[in-house]
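Structural description and commentary
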Amino acid sequence: MRSSILFGGAAFAVALSACTPANQDDTNTEIDVAAQGFFVEVHDGEFATIQQFTTPGGVSVWLVEEPSIPILSLRMAWQAGETNDPEGLEGLTNAMVYHMNEGAGELDAQAFFKGMEELNMSFSCGASNESTYCNASMLTDNADASFDMIALAFAEPRFDDGPFERFKREQEVSLQTRETNPQYLASRARADALYPDHAYARETDAESLAALTQDAMRTQKDMLMVQDGMLVTAVGAMSPEELAPLIDKAVSGLPETSETAETSDVVLAAAATAPVVIELPQPQSLVTFAAPAMTREDPDFYTAVVLNYTFGGGGFESRLMKDLRVAKGLTYGIYTQVSSQDKIQLWTGGGQTKNESASEFIAGIKENMSAMVAEGMTEEELAAAKAYLTGSYPLGFDSNAKIAARMMGVRLDELPVDFFDKRNAMVEAVTLEDVNRVAAEYLSPENFTFIVVGQPEGLDG
Amino acid sequence: MKYWISGGLAALTLSGGLSFADNTADAWAPETFKLSNGMDVVVLPDHRAPVVTHMVWYKVGAVDEDPGKSGIAHLFEHVMFKDTDDLEDGEFDSIVSSLGGQHNAFTSWDYTAYYQRVAKQHLGQMMALEAERMTDLIIDEDPEGSFITERDVVREERRQRIDNNPGAVLQEQVLAEFWDGHPYEITVIGIMDEVEALTPQDGIDFYKKYYSPENAILVVAGDVSGDEVRTLAEEHYGQIEPSGLVDGSRKWAEVEPLTEIQEITHSDPKVRQPVWYRYYNGTSQRRDPAFAYALDVGLDVLGGGNTSLLYVALVEEQKVAVNAGAFAWTGLHDDGPAVLYATPSPGVTMEELEAAVTAELAKQLEAGFSEEDVVRVRNSKAAEAIYARDSQQSMANLFGSWLAIGGDIDTLMSYSDDIRSVTTEQALAAVRSVFADDNNYIEAQLLPEDGEL
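Residues numbered from 1 in each chain as written. Chains lettered and ligands numbered in written order. Predicted model: local features only at pLDDT ≥ 70, side-chain atom pairs only at ≥ 80, totals over all residues.

A few words now on the overall build of chain B. Assigned secondary structure in chain B consists of 17 helices and 12 strands. For 453 residues, the compact-globule formula gives about 22 Å, and the C-alpha radius of gyration of chain B, at 23 Å, lands near that figure. The principal-axis extent of the C-alpha atoms belonging to chain B is close to 65 × 55 × 35 Å. Per-residue burial over chain B gives 56% buried out of 453 residues. Counting contacts in chain B only where the partners sit at least 6 residues apart, residues at least 24 apart contribute 82% of the total. (Helix = DSSP H or I, 4+ residues; strand = E, 2+ residues; numbered from the N terminus. Rg over C-alpha atoms; globule rule 2.2 N^0.38 Å. Buried ≥ 20, exposed ≤ 12 C-beta atoms within 10 Å, placed from the backbone. Contact = placed C-beta atoms within 7 Å.)

Spelled out as structure tokens, the structure:
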């Protein structure tokens, strides 16, 4: 890793980089681009050279320049999402983001879609519990006109009757189909069992759908999509001086700021003592399980990541796969993951098996948990987990779209710009003592609530 | 891991992305050569990150299975991860993983492919591993051994992919009728009873007949040069003697037009949203590229996405459907179906929906396509070329699958130009011929259990 300043041409950059003050961080350099009115701080990391800047209009951007393909991958996000839906209007944020590319300004939905197709660009928005986001991709030759489309969508979305009526029709169908969707049924049962009264257990229903209005969507947009706190990441054939004015143009129609509500931390209920069974007529049972995990800031987080790889996250290298698929042929696949979000942290897993073997399958999962708690991992397993987790990390940086997404993940989690460079060292630092302590603390079968969707045989209750 | 591709996915991969050599200034180009033992090699340079995707494609798939042995190509793909002379069961996985690699394999009607994604310095070792299992696989003949366990895994895979999923059950029934009498009529994952009866000897026979360098294509995409790949490939694959047992013939055949109109319904208590389909005889890019390009453009105008004629009329204006469109599977070697589909709005019966779709189809085909729509669609398809280059894995899949069905690089490289040269008249003529009034079709309906709405 080395320092450099990338601005105003390569020769200029080299000259400046030689003059970098000694007291700078060894990978970060800053320059005042007076003519442009903004600074660019270059972080020359191991996996990507990230240029950080705040546009003259005040938007914070992380950019990776990648000239080899004439495209730009763009992500924009805000740290507030669906939990801001008012009581009784569950689904409002989802409805709002649906309409963000359904017509703006003089363009109705058809004209907007055709406009995007003519530019060969894409632009769409979405939301999760704690974030709202818009993603775009474009050909750099068409960047100016593509950003005009985004600007129009941000400034003057139409929320027309036609798309709104279609949205409600689609939602009506989706309220029906989700009732036989095993993954949905399992996640609802998990919420009911572990955090029934938290905002994360709220969901769209027929009543809240009927209560949605176009005005409510406009209000929601003005609350969630604002200039203040907006995060942008971009990867493509474009420089900071080219990108900054385009972003400023795109966001100029957004409100400057707003108030959003803070979600309370989820307090998990005690684990269910017997599997929760949801009847669904199908030949296989979906088995999922969940237990408390730790926050991302917890010193044990990377220990859990390493442990999870060996236990159930590592595909064919995991103990659960080796036992339940390879040795016993009970499933096509079983996985686990540590899901540490800001307000909720769960250690989750799942797999499918024929109804007749549901009981054997669950017993097998629990035996593997108990064995990990009692005996821990081996040195060989620890070494293999670290080797994979560190060695595979570069695979996540081989496309513009992936890098833009990863940078946004880091920004939403409020991690530092050198996170990518330091992450492998945090994995390497995990010791066998750590993993065995964390296994004993977190992986007891009694910690886990099992949910079974299907027609499982041999389960009591 | 170890999955199979349904025709839909395979077809979409090809029809959606057979394109990348655009009019951009940088002269991106693949490099191709052949090893002395007959193994083809393709190198797809992408120097953005120090990563490579290494793939070996075998020119064998479900199409080549013998009667009564459905599913052997796919089960065999699973077995390739088991013991070899030098590797114990599971060691292939653990070596790749310990190097930070990700790997998998997949099977379709037309091919079987294995891949690893690794940091580039491990490319040689990936080749060594693939070469090892190309020549030295040991098939476990123990009646309680790994071949049999893996057969159980595949049966669970079948339950998960097909039997649990009413839409997949219906599609399997429809395709069996659509390709009745053609080798594609058997499902890739295999019929449950036939999979259950597959034996280790079936695996041994299959391995001998098809797994040999002259029946394989090496594709390497990523941060590597043609010369580097040539050196490594000659070292690891070039030393393998051709088995001499592969005759190279495939069971591909003409797909006969449907001889009657058929109706197939599948109802299941899990179905909450009915779906209506019509399957017509279509084409393939491999057999008739000009017609396939025209059909792909025409079907996008007619029914590809939310600016298409059918969607606008049925979903936006008449509001009888929540979704409606048309597409064709043109990426298989032999002709796949051209499909019309629609899902009814709440309260709309299947009869009403069908009447609305067929009336709208007749109206649009009578009226013809606008030049503006055709230009927009073909430019979009050509631009997918540029976006496709963002994923080295997609590029490797694109080239590998096309070469595995006997296609050539030049056709791929000229795709953007060829698709841009489709005229409004050609696009319309292709769609009119596929959906002509006197053509036969299979009508399929996915219904709730009582068959009523």
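So, on to the domain arrangement of chain B. All names here are of chain B. Here the domain parsing of chain B yields domain 1 (35-236) and domain 2 (262-447). For domain 1 versus domain 2, the separation of C-alpha centres amounts to 30 Å. The interface is formed by 27 residues belonging to domain 1 together with 25 residues belonging to domain 2. Of all the elements in the fold, those that place two or more residues in the side of domain 1 that touches domain 2 are strand E3 (40-45), strand E4 (51-58), strand E6 (112-119), helix H6 (166-178) and strand E7 (216-222). The element best represented in the side of domain 1 that touches domain 2 is H6, accounting for eight residues. The residue inventory of the side of domain 1 that touches domain 2, partitioned by class, reads 16 nonpolar, five polar and six charged. (Domains from an automatic or database assignment. Nonpolar A, V, L, I, M, F, W, Y, C, P; charged D, E, K, R; others polar.)

Right, let's get into the confidence of the model for chain B. All names here are of chain B. Mean pLDDT over chain B stands at 92; residues scoring 70 or higher make up 94%. Of the regions scoring below 50 in pLDDT, residues 1-25 engages in 77 contacts with residues more than four places distant in sequence or in other chains. For this predicted complex, the interface score ipTM comes out at 0.90, alongside a pTM of 0.91. (pLDDT = per-residue confidence, 0-100.)

Residue-level contacts link 49 residues of chain B with 54 residues of chain A. Within the residue set of the side of chain B that touches chain A, elements represented by two or more residues are helix H3 (91-98), E6, helix H5 (146-163), helix H11 (309-317) and helix H13 (371-388) of chain B. Broken down by element, the side of chain B that touches chain A gets its largest block of residues, eight residues, from H5 of chain B.

Turning to the sheet that holds strand E10 (residues 284-292) of chain A, a few remarks are in order. Residue and element names in this part refer to chain A. Within the open sheet, the five strands sit side by side as E9-E13-E10-E12-E11. Their pairing is mixed. Of all the strands in the sheet, just strand E9 (276-279) and strand E11 (334-340) have a single pairing partner and so form its edges. Going across the sheet, the axis of each strand differs from the next one's by a mean of 15 degrees, ignoring polarity. Across nine bridges, E10 lies against strand E12 (residues 345-354) in antiparallel orientation. (Pairing = 2+ DSSP bridges. Axes fitted to C-alpha atoms, helices over the stretch in contact; angles between N-to-C directions.)

Another point: the pairing of strand E9 (residues 275-281) of chain B. Residue and element names in this part refer to chain B. A large share of E9 lies buried, amounting to six of its seven residues. As paired strands, E9 and strand E12 (residues 442-447) are joined by five bridges and run antiparallel to one another. Counterpart to Tyr279 in the pairing with E12 is Ile442. Bridge analysis of E9 against strand E11 (residues 337-344) gives six bridges, and the strand direction is antiparallel. Note on E11: the bridge partner recorded for Trp276 is Ala342.

Here the focus is the domain arrangement of chain A. All names here are of chain A. Each assigned domain of chain A is listed here: domain 1 (71-251) and domain 2 (276-454). Computed from C-alpha atoms alone, the centre-to-centre distance between domain 1 and domain 2 is 30 Å. Listed per partner, the contact involves 22 residues of domain 1 and 22 residues of domain 2. For the side of domain 1 that touches domain 2, the secondary structure elements donating two or more residues are strand E5 (71-78), helix H6 (182-194) and strand E8 (231-236). Per element, the largest residue contribution to the side of domain 1 that touches domain 2 is seven residues, and it comes from H6. Here the side of domain 1 that touches domain 2 is built from residues that sort into 13 nonpolar, six polar and three charged.

Its location among the elements puts Ser399 of chain A in the loop between helix H13 (379-391) and helix H14 (400-412). Taking the number of C-beta atoms within 10 Å as the measure of exposure, Ser399 of chain A has 23 and is therefore buried. A C-alpha to C-alpha distance of 9.5 Å links Ser399 of chain A and Glu66 of chain A, two positions 333 residues apart in sequence. The contacts of Ser399 of chain A, once residues within four sequence positions are left out, are Asp390 and Ser391 of chain B.

This part is about the nonpolar core. Ranked by internal contacts, the top residues of the largest apolar core, which has 214 residues, are Trp57, Leu218, Val219, Leu314, Phe399 and Ala427 of chain B. Leaving out residues up to four positions away in the same chain, Val219 of chain B has contacts with Val42, Leu44, Met55, Trp57, Ala396, Phe399 and Gly400 of chain B. Among the nonpolar cores identified, the runner-up in size contains 50 residues, and Leu320, Met321, Trp347 and Val452 of chain A belong to it. (Core = buried A, V, L, I, M, F, W, Y, C linked by C-beta atoms within 7 Å.)

Below, the discussion takes up the packing of helix H11 (residues 319-327) of chain A against helix H12 (residues 358-375) of chain A. Residues and elements named next belong to chain A. The geometry of H11 relative to H12 is characterised by a closest axis approach of 10 Å and an angle of 150 degrees between their N-to-C directions. One way to sum up the angle between H11 and H12 is to call them roughly antiparallel. The handedness of the crossing between H11 and H12 is right-handed. Every residue of H12 that contacts H11 at Arg319, Leu320, Asp323 and Leu324 is listed here: Phe361, Gly364, Ile365 and Asn368. Split by residue class, the contact of H11 with H12 holds four nonpolar, two polar and two charged. (Parallel < 35°, antiparallel > 145°, perpendicular 65-115°, else oblique. Left-handed = near helix turned anticlockwise from the far one by under 90°.)

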